[in-house]
Amino acid sequence: MTPLLGDLVSFPKAATELHYAFGLGFQAAHILHRWIVLGVILVYCGLTSLVFWRGSQNGTARLAAVTLLLFAAGFFGRQPALAGDMQAFPLVGLLPGLVQAAGLSLMLVLLVTLPDGRFALRWARPMVVAWCGWSLLWFVNPQPGTPLDVSTWPEPMVAWVLAVGLGSGLLAVALRMRRSPVQARRQLRPVLLGFATAWLLFGLLWLASTQMPDLRLRGVELPQALLAFGPYLLPWLLLPLSLVVAMRRGLWNASADALRLGDLHATDC
């Protein structure tokens with residue numbers, strides 16, 4: 001995440017014009033941007049660490065924390081994993097793509113296995129398998145220049161796949177909530193609202209950038225375009241924050257009996 005603090009971070013044209021309108025010069029704008037990004041990094045990592053610490057005895061809580069950190073490592077920075085001659089080793093060159101694929105894949109795994117770490121819905125496993133395969137095709141790109149090269153797909157098509165994949169995770173959370181006792185629904189509600197709001201805000205930001213190109217960074221593709229400029233990172237804070245709120249309500253402290261009640265008739269889906 002720290003490359004966003006560097007001197008070479010570019011601003012969208014609209015942001016540059018806003019800085020000039022407020023009388024900020026180039027150097028002052030970069031200082032302001034560093035403070036914003038530093039604040040986002042500290043809050044994001046702090047909340048994620050809190051999730052890991054408070055849920056250290058629960059495997060799903062640890063999965064949630066690791067998922068958020070892997071996604072951050074994969075998307076917030078856009079530099080090679082290692083520099084110089086190390087890039088000549090095939091595995092080193094694949095590391096950034098593997099981290100990105102792992103972060104995106106685990107995001108769906110987390111959503112469809114909340115709150116107890118089990119695939120309670122019949123369609124969840126094949127959906128996760130397809131999602132992991134697509135993530136690898138996108139970021140590892142084993143077939144460049146072919147129809148399997150996701151980087152050559154039109155951006156709206158990639159956006160639709162993201163919407164369907166992550167939306168299926170939200171649907172899984174909603175279905176688990178519907179089949180859960182009142183207390184379990186109260187615990188899962190912040191997660192559903194927080195994740196859904198974050199995806200919606202990123203989607204609206206992407207739609208706005210397609211209509212107003214001045215809102216996006218030149219040469220940066222989706223979804224990195226939404227994670228390569230400090231203020232655009234703010235919706236992402238909703239994810240660890242929603243998990244912290246849910247844990248304060250007792251998420252991952254529920255009894256096994258309550259979890260089993262939440263799974264009644266889940267296999268009918």
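Given the structure is predicted, the values throughout are model-derived calculations rather than measurements.

Cut-off values and rules
Residues numbered from 1 in each chain as written. Predicted model: local features only at pLDDT ≥ 70, side-chain atom pairs only at ≥ 80, totals over all residues. Heavy atoms only, no water. Helix = DSSP H or I, 4+ residues; strand = E, 2+ residues; numbered from the N terminus. Buried < 20%, exposed > 50% of the residue type's maximum accessible area, 1.4 Å probe, protein only. Areas by Shrake-Rupley, 256 points an atom, 1.4 Å probe, with all protein chains shown as cover. Axes fitted to C-alpha atoms, helices over the stretch in contact; angles between N-to-C directions. Left-handed = near helix turned anticlockwise from the far one by under 90°. Contact = heavy atoms within 4.5 Å. Nonpolar A, V, L, I, M, F, W, Y, C, P; charged D, E, K, R; others polar. Phe/Tyr/Trp six-rings, centres within 6.5 Å; stacked < 30°, edge-to-face > 60°. Core = buried A, V, L, I, M, F, W, Y, C linked by side-chain atoms within 4.5 Å. Salt bridge = Lys/Arg side-chain N within 4 Å of Asp/Glu carboxyl O. pLDDT = per-residue confidence, 0-100.

Peer 1: Give me the lowdown on the overall build of the chain, citing residues and values where you can.
Peer 2: Scanning the chain from terminus to terminus reveals nine helices and zero strands. Counting helices and strands in the order they occur from the N terminus, the chain gives α-α-α-α-α-α-α-α-α. Among the 269 residues that make up the chain, the fraction classed as buried is 43%. A total accessible area of about 13,600 Å² is found for the chain, and carbon and sulfur atoms account for 68% of it.

Peer 1: Give me the lowdown on the packing of helix H2 (residues 26–54) against helix H8 (residues 238–248), citing residues and values where you can.
Peer 2: Put simply, H2 and H8 touch, their axes get as near as 9 Å, and they point 35° apart. The hand of the H2/H8 crossing is left-handed. From H2, Tyr44, Leu47, Thr48, Leu50, Val51 and Arg54 reach across to H8, where they touch Pro240, Leu241, Leu243, Val244, Met247 and Arg248. Residue composition of the contact of H2 with H8, grouped by class: nine nonpolar, one polar and two charged.

Peer 1: Got a sec to walk through the environment of Val51? Specific residues and values, please.
Peer 2: If you trace the backbone, Val51 turns up in helix H2. Linking Val51 and Ala65, residues 14 residues apart in sequence, is a C-alpha distance of 6.1 Å. Residues contacting Val51, with those up to four places away along its chain left out, are Ala61, Ala64, Ala65, Pro240, Leu243, Val244, Met247 and Trp252.

Peer 1: I'd like to hear about the packing of aromatic side chains, residue by residue, with values.
Peer 2: On inspection of all chains with the given rule, the structure shows eight aromatic pairs. Where Phe195 meets Trp199, the ring centres are 6.1 Å apart and the plane angle is 85°; that geometry is what we call edge-to-face. Linking Phe195 with Trp199, this pair stays in helix H7 (residues 182–211), spanning four residues, or about one helical turn. Owing to a relative accessible area of 0%, Phe195 belongs among the buried residues under this scheme. The rings of Phe71, Phe195, Trp199, Phe202 and Trp236 are connected pair by pair, giving a single aromatic cluster.

Peer 1: So what about the side chain of Asp149? Which residues, and what values?
Peer 2: Along the chain, Asp149 turns up in the loop between helix H5 (124–139) and helix H6 (155–178). The contact partners of Asp149, leaving out residues within four places of it in the chain, are Asn141, Gln143 and Pro144.

Peer 1: Outline the nonpolar core, supporting the account with residue identities and numerical values.
Peer 2: Ranked by size, the top nonpolar core spans 51 residues in total, and within it Met107, Phe195, Trp199 and Trp252 carry the most contacts. Among the secondary structure elements, those contributing two or more residues to this core are H2, helix H3 (59–75), helix H4 (90–113), H5, H6, H7 and H8. If sequence neighbours within four positions are ignored, Met107 has contacts with Thr67, Leu68, Phe71, Leu166, Phe195, Trp199, Trp236 and Leu239. If you look at the next biggest cluster of nonpolar residues, it comprises seven residues, including Ala29, Leu217, Phe229 and Tyr232.

Peer 1: Go over the pattern of salt bridges with me, naming the residues and quoting the values.
Peer 2: Taken as a whole and assessed by the stated rule, the structure comprises two salt bridges. We note a salt bridge from Asp116 to Arg118, for which the minimum N-O separation is 3.0 Å. Since its relative accessible area comes to 19%, Asp116 is described here as buried. Taken together, the shared-partner salt bridges connect Asp116, Arg118 and Arg176 into one network.

Peer 1: Describe the confidence of the model for the chain, and please don't skip the residues or the numbers.
Peer 2: Summarising the model, the chain shows a mean pLDDT of 80, and 79% of its residues fall at 70 or more. When pLDDT is averaged over each element of the chain, H8 comes out on top at 94 and helix H9 (residues 256–262) at the bottom at 43.

Peer 1: Give me unusual backbone geometry: which residues, what numbers.
Peer 2: With the exception of glycine, most residues fall at negative phi, and the peptide bonds are largely trans. With an omega of 0°, the peptide bond between Leu114 and Pro115 qualifies as cis. As for its placement among the helices and strands, Pro115 is situated in the loop between H4 and H5. Located in the positive-phi region is Trp252, a residue other than glycine, with phi close to 70°. By the element assignment, Trp252 lies in the loop between H8 and H9. In this structure Trp252 comes out as buried when scored by relative accessible area, which is 11%.

Peer 1: Tell me about H8, and name the residues and values.
Peer 2: For the α-helix, the turn length of 3.6 residues means that residues three or four positions removed from each other point alike. Taken as a whole, H8 has its buried residues at Leu239, Pro240, Ser242, Leu243, Val244, Ala246 and Met247. Backbone geometry just downstream of H8 places Gly250 in the positive-phi region, at approximately 105°.

Peer 1: I'd like a rundown of the environment of Ser49, residues and numbers included.
Peer 2: Its location among the elements puts Ser49 in helix H2. For Ser49, a relative accessible area of 45% puts it in the partly exposed group. Linking Ser49 and Arg62, residues 13 residues apart in sequence, is a C-alpha distance of 9.6 Å.

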